[in-house]
Amino acid sequence: FPPMIAYPFYKLIHFAGIFMVMVALGGVVIAHHKQSLPDPKWKKLMGITHGLGLFLTLLGGFGMLARLQIHWPWPGWIMAKLLIWVALGGSLALLRRKGGATWTWWVPTILGVFAVYFAVFQPF
């Protein structure tokens, strides 16, 4: 068997993915607030960054679960984080349509804060 990847490396992958998702969403929101559509090259880059970030977030998260030996059935805080991941995943398409609204700036931020809360305090 190959050597196991250490927990801190999975955490690094997880955080890198989160940062990529947030940067992509922020780029879409700012482009809409400027009331201009992004250059097609940037639009493609934002989509790639968002998708790769979602993948890395999931990879790192499941890697950490494996290292912590958390198995099915998962605790509620993990299910809540997965729901947030799904919401942030679908938010790119929503932001491209409704990006000019003020709530589009705050919703991803609030979802991110809730994800951190669930990870740190593991309330259920």
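Below you will find a few notes about this structure. Not measured: the values here are computed from a predicted model. (Residues numbered from 1 in each chain as written. Predicted model: local features only at pLDDT ≥ 70, side-chain atom pairs only at ≥ 80, totals over all residues. Heavy atoms only, no water.)

Section: the overall build of the protein
What counts, and what does not: Helix and strand definitions here come from DSSP, where helices need a minimum of 4 consecutive H or I residues and strands a minimum of 2 consecutive E residues; each element is numbered from the N-terminal end. Categorising residues by exposure relies on relative accessible area from a 1.4 Å probe, with only protein chains included: less than 20% of the type maximum marks a residue as buried, more than 50% marks it as exposed, and the intermediate range marks it as partly exposed. Two residues qualify as a contact provided that any one of their heavy atoms is within 4.5 Å of a heavy atom in the partner residue. Here, Shrake-Rupley sampling with a 1.4 Å probe gives the accessible areas, and only protein chains in the shown set may cover a residue.
Assigned secondary structure in the protein consists of 4 helices and 0 strands. In the protein, the order of α-helices and β-strands from amino to carboxyl end is α-α-α-α. Seen along its three principal axes, the alpha-carbon backbone of the protein occupies a region of about 50 × 35 × 20 Å. By the burial criterion, 30% of the 124 residues in the protein qualify as buried. Contacts in the protein between residues at least 24 apart in sequence constitute 82% of all its contacts with a sequence separation of at least 6. About 8200 Å² of surface is accessible on the protein, with carbon and sulfur atoms providing 75% of the total.

Details of unusual backbone geometry
With an omega of 0°, the peptide bond running from W72 to P73 counts as cis. Structurally, P73 can be placed in the loop between helix 2 (40-67) and helix 3 (76-98). You will see that Q69, though not glycine, has its phi angle at about 55°, which is positive. Residue position: Q69 is located in the loop between helix 2 and helix 3.

With respect to the packing of aromatic side chains
Selection criterion: A pair of aromatic rings is counted whenever rings of Phe, Tyr or Trp (Trp by its six-membered ring) have centres within 6.5 Å, and the orientation is called stacked for planes under 30 degrees apart, edge-to-face for over 60 and tilted otherwise.
All chains considered together, the criterion is met by 6 aromatic pairs. The structure contains a cluster of three or more aromatic residues connected by ring pairs, namely F114, Y117, F118, F121 and F124.

Quick look at helix 4 (residues 103-121)
The test is simple: Under the convention used throughout, the expected extent of a helix is 1.5 Å for every residue step, that is, one less than its residue count. Relevant arc is that of directions from the helix axis to the C-beta atoms, nothing else.
With 19 residues, helix 4 extends 26 Å between its outermost C-alpha atoms, agreeing within 8% with the 27 Å of an ideal straight helix rising 1.5 Å per residue. Taken residue by residue, helix 4 has T104, P108, G112, A115 and F118 as its buried positions. The buried residues of helix 4 occupy an angular sector of 125° when the element is viewed end-on, so they sit on one face. Relative to its buried face, helix 4 has exposed residues pointing more than 90 degrees away, namely V113, V116, V120 and F121. Positive backbone phi, at 40°, marks Q122, one or two positions downstream of helix 4.

Examining the nonpolar core
Going by this rule: Here, the term nonpolar core denotes a set of buried Ala, Val, Leu, Ile, Met, Phe, Trp, Tyr and Cys residues that are joined through side-chain atoms within 4.5 Å.
Grouped together as the largest cluster of nonpolar side chains are 16 residues, with contacts concentrated most on V21, L25, V28, I84, L88, L95 and F118. Of all the elements in the fold, those that place two or more residues in this core are helix 1 (7-33), helix 2, helix 3 and helix 4. Per-element accounting of this core gives the leading share, 7 residues, to helix 3. Excluding anything up to four places from it in sequence, V21 contacts H50, G53, L54, T57 and L88.

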